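# Breakdown of the fold
Each chain, written out:
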Amino acid sequence: MKTLLVTGSNGLIGSEMVKHFHGLGWTVHGMDNNMRADFFGSQGDTRWNQDRLARECNRFTHHELDMRSRQEVLDLFRELRPQAAIHAAAQPSHDLAAQRPFDDFDVNASGTLNLLEGMRQYCPEAPLLHFSTNKVYGDAPNRIPLKELASRWDYADPAYTDGIEEHFPIDQSKHSLFGASKVAGDIIVQEYGRYFGLPTCCLRGGCLTGPSHSAVELHGFLSYLVRVNVTGGCYNVYGHKAKQVRDNIHSFDVAQFAERFFAAPRCAEVYNIGGGRGNSCSILEAFERVEELTGRPMKWEYVNKPRDGDHICYISNLNR
């Protein structure tokens, strides 16, 4: 029976991975200390998801462990020696990173290095799937010529009709401190693949969504938007006329990608992953869609100042 280690196992992607691979017959170990509640307060608390996994998955073991605790991470790898690992733990907000830069870097960069060393020392043949982010490209996508449509921004340059490819430059742009810490993690994951020959893969996600998101204003676009609508709250829009575009992919589809990568792993791979153009929407379009689904009007206010480093239009090129 194969053993999988999932970091951030209480979260949206981590819990989906636990459920998916448990369903395939794997024994799954999760590493999580509910730091999302520390980052975002009670709405970010993920203990409900941890409890759900404990009830539904009888071959799942939770480890209350902080990614930043180097020796504890190494000890866990020495004990488990998993056949594969998925690294979904992160500080995920570029706004929060500016308030807590040490926590952000220690989790996203140093925590990733701790994980890689555990794998190199105790299970170097095991494939690692690392969740990076499209924020590694910084705000450079905003330099692509855009056209303004009735409800969204779109690429004016036909070269980007299918979206951003993996060779898009990451230099000479504003990333936010979150984007910078994720760049560090992304590059070190690639380097352990190239330098040490570890079968690693970086997934540069667009908007990942699904039913297990403990969404908050600072992270969790679609889930948070729906929550605001059904609870009668007010959604704050930050700049770009509410026409900024994201592509969205369901967490189940991401788990299917992980299954296929583990079946045929490679060293130092990088993939952009999102919903592509067909599953993209602006904030205005998301408002319209959720109103259709719930029958409730969307209450929102406009703040005429974009978030620093925010993408105006981002669509993942899925050709690879």
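How each quantity is defined
- Chains are numbered independently. Their residues run from 1 in the order of the written sequence.
- Reporting of local features is limited, given that this is a predicted model, to residues whose pLDDT is at least 70; pairs of side-chain atoms are given and counted only at 80 or more, and all residues count toward the totals for whole chains, interfaces and linings.
- The side-chain quantities take in all heavy atoms of the structure and omit both hydrogens and water.
- By the criteria applied, helices consist of DSSP H or I runs no shorter than four residues and strands consist of E runs no shorter than two, each listed in order from the N terminus.
- Here a polar contact is recorded for every N or O atom pair within 3.5 Å, except that within protein the pair must consist of a potential hydrogen donor and a potential acceptor, and residues adjacent in sequence are included only if both atoms are side-chain atoms.
- A contact between two residues is defined here by any heavy atoms of the two lying within 4.5 Å.
- Think of it this way: DSSP has to see at least two bridges between two strands before they count as a pair.
- The convention used is that axes are lines fitted to C-alpha atoms, helices contributing only their stretch in contact, and that angles between N-to-C directions extend from 0 to 180 degrees.
- Summary of the burial criterion: residues with accessible area below 20% of their type's maximum are buried, those above 50% are exposed, and those between are partly exposed, where the area comes from a 1.4 Å probe applied to protein chains only.

### Focus on the side chain of Lys-243
Note on placement: Lys-243 falls in the loop between strand S10 (234-238) and strand S11 (245-250). Within the structure, the side chain of Lys-243 is placed 2.9 Å from the backbone oxygen of Leu-149, a separation counted as a polar contact. Not counting residues up to four positions away in its chain, the partners in contact with Lys-243 are Glu-148, Leu-149, Ala-150, Ser-151, Arg-152, Trp-153, Ser-282, Leu-284 and Ile-312.

### What to know about the sheet that holds strand S9 (residues 207-209)
A sheet is described by the order of its strands in space; here 3 strands give the open sequence S9-S11-S13, paired in mixed fashion. In the strand order of this sheet, the two ends are held by S9 and strand S13 (280-282), each with one partner. Direction aside, neighbouring strands of the sheet carry axes that sit 40° apart on average.

### Concerning the sheet that holds strand S3 (residues 60-63)
Taken in spatial order, the 7 strands make up an open sheet running S3-S2-S1-S4-S5-S8-S12, and their pairing is parallel. Each edge of the open sheet is held by one strand with a lone partner, namely S3 and strand S12 (269-273). Sheet twist, expressed as the mean angle between neighbouring strand axes with direction ignored, is 20°. In this sheet, S3 lies alongside strand S2 (residues 27-31) in parallel orientation, the contact comprising 4 bridges. Of the residues in S3, the one forming a bridge with Met-31 is His-63. Across the sheet, helix H1 (residues 12-23) is in contact with strand S1 (3-7), S2, S3, strand S4 (84-87) and strand S5 (128-133); its angle to S1 comes to roughly 165°.

### Brief notes about the pairing of S11
Counting buried residues in S11 gives 5 out of 6 residues, a clear majority hidden from the surface. Pairing analysis gives 3 bridges linking S9 to S11, with the strands arranged parallel. Within the sheet, the bridge partner assigned to Cys-207 lies in S11 and is Asn-248. Examined bridge by bridge, S11 and S13 share 3 bridges and lie antiparallel to one another. Pairing of Val-245 across the sheet is with Ser-282, part of S13.

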